[in-house]
Amino acid sequence: MTPGVRPLIAGNWKMHGLAADGLALARAVATGGAAIRAELVVCPPATLVSAVAAAMAGGPVAVGGQDCHAAAKGAHTGDIAASMLADAGARFVILGHSERRAAYRETDPTVRSKAEAAIAAGLTPIVCVGEPEDDRLLGRAEEVVAAQIAGSLPPGFGAAGGVVAYEPIWAIGTGRTPTEGDIAAMHAMIRARLVAAFPGQGEGLRILYGGSVKPGNAAAILALPHVDGALVGGASLVAEDFLAIARAAG
Ligand code: PGA
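Right, let's walk through the structure included here. (Residues numbered from 1 in each chain as written. Predicted model: local features only at pLDDT ≥ 70, side-chain atom pairs only at ≥ 80, totals over all residues. Heavy atoms only, no water.)

**Re empty space enclosed by the protein**
Next up, step 1: Tallied over the entire structure, the rule returns one cavity of 30 Å³ or more.
Next up, step 2: When its volume is computed, the largest cavity comes out at roughly 40 Å³.
Next up, step 3: The wall of the largest cavity is formed by G96, H97, S98, R101, C128, V129, G130, Q148, E167 and I169.
Next up, step 4: Those elements giving two or more residues to the lining of the largest cavity turn out to be α4 (98-103) and β5 (124-129).
Next up, step 5: For the lining of the largest cavity, the class distribution of residues is three nonpolar, five polar and two charged. (1 Å grid on protein atoms, 1.4 Å probe; cavity = no way out; pocket = protein on both sides within 12 Å on 5 of 7 lines; lining within 4 Å. Points joined across faces, edges and corners; volume = space filled by probe spheres on them. Helix = DSSP H or I, 4+ residues; strand = E, 2+ residues; numbered from the N terminus. Nonpolar A, V, L, I, M, F, W, Y, C, P; charged D, E, K, R; others polar.)

Put into structure tokens, the structure is as follows:
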């Protein structure tokens, strides 16, 4: 944790949730979230952003999208503009998740343009970075992530209070996590890059860890220096697990 920084615990529901179960999950998180110090955000599928935001209005939990288009509007069938997410009640948006980088070939410049669009629409971008397992095994993890940081964050990222989520690809949904030493080393590298890129702002930007965060490992991970919260996938679909992780942020 970075001193003086309020932790952020974000739930990435991915492609899970119809109206009834999504709203029930959101309400359970909102009820339990009132007593929690960390800032909480849930990122439901786009179809539920509006309903979840309405159900959570005035409460302790913010809502985020899972992606947006880089353009403000236009002929982009199936896509969603950042302003549309904001209009639906979102305050955050996850960008450059490894599942999108892999399935839709999103590159660093794409992610950077999306982050610019998100900031222009008043959303806080949560930009994901993280190495494949091969690069970790070859000792190249920090180099790969440093390049993603250099390529994915637009100039306005620091002023907008942007969030970076370090998610090693091989740890997502696998139950495996890096060692605490490896997480701490990566977050320290990311901090140094943020401080260099955004002087006067990079010190306070939040760096989340993501990849198989569970109630059982959250406290140890969240206690590491420069780990300012978590991006939680599978465990965010169970309100009690998500809340337990949030409580572990202190
Ligand atoms: P996981 O997913 O917590 O299920 O590993 C994290 C993510 O993809 O953001």
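**Considerations on the packing of aromatic side chains**
The relation between two aromatic rings is expressed through the spacing of the ring centres and the mutual angle of the planes.
Next up, step 1: Tallied over the entire structure, the rule returns two aromatic pairs.
Next up, step 2: Residues F157 and F198 carry aromatic rings whose centres are separated by 5.9 Å and whose planes lie at 35° to one another, so their mutual orientation is tilted. Residue F157 is located in the loop between α7 (141-152) and β6 (163-166), and its partner F198 is located in the loop between α8 (180-197) and β7 (207-210); the two are separated by 41 residues in the primary sequence.
Next up, step 3: Overall, the relative accessible area of 6% leaves F198 in the buried class. (Phe/Tyr/Trp six-rings, centres within 6.5 Å; stacked < 30°, edge-to-face > 60°. Buried < 20%, exposed > 50% of the residue type's maximum accessible area, 1.4 Å probe, protein only.)

**Brief notes about the packing of helix α1 (residues 19-33) against helix α10 (residues 239-248)**
In a pair of packed helices, the angle between the axes and the distance between the axes together describe the arrangement.
Next up, step 1: Interaxial distance between α1 and α10 falls to 9 Å at its minimum, and their mutual angle equals 35°. Here α1 and α10 pass one another in a crossing that is right-handed. For the pair formed by α1 and α10, the contact residues are L25, A28, V29, G32 and G33 on the first element and A239, F242 and L243 on the second. (Axes fitted to C-alpha atoms, helices over the stretch in contact; angles between N-to-C directions. Left-handed = near helix turned anticlockwise from the far one by under 90°. Contact = heavy atoms within 4.5 Å.)

**Concerning the nonpolar core**
Next up, step 1: Of all hydrophobic cores here, the largest spans 65 residues; its most connected members are I9, V52 and I190.
Next up, step 2: The element best represented in this core is α8, accounting for six residues.
Next up, step 3: Contact partners of I190, with chain neighbours within four places excluded, come to V129, V145, I149, V164, Y166 and I207.
Next up, step 4: Core analysis: the second largest hydrophobic core is formed by 13 residues, V41, A62, F92 and I126 among them. (Core = buried A, V, L, I, M, F, W, Y, C linked by side-chain atoms within 4.5 Å.)

By themselves, these observations are geometric and do not establish any function.
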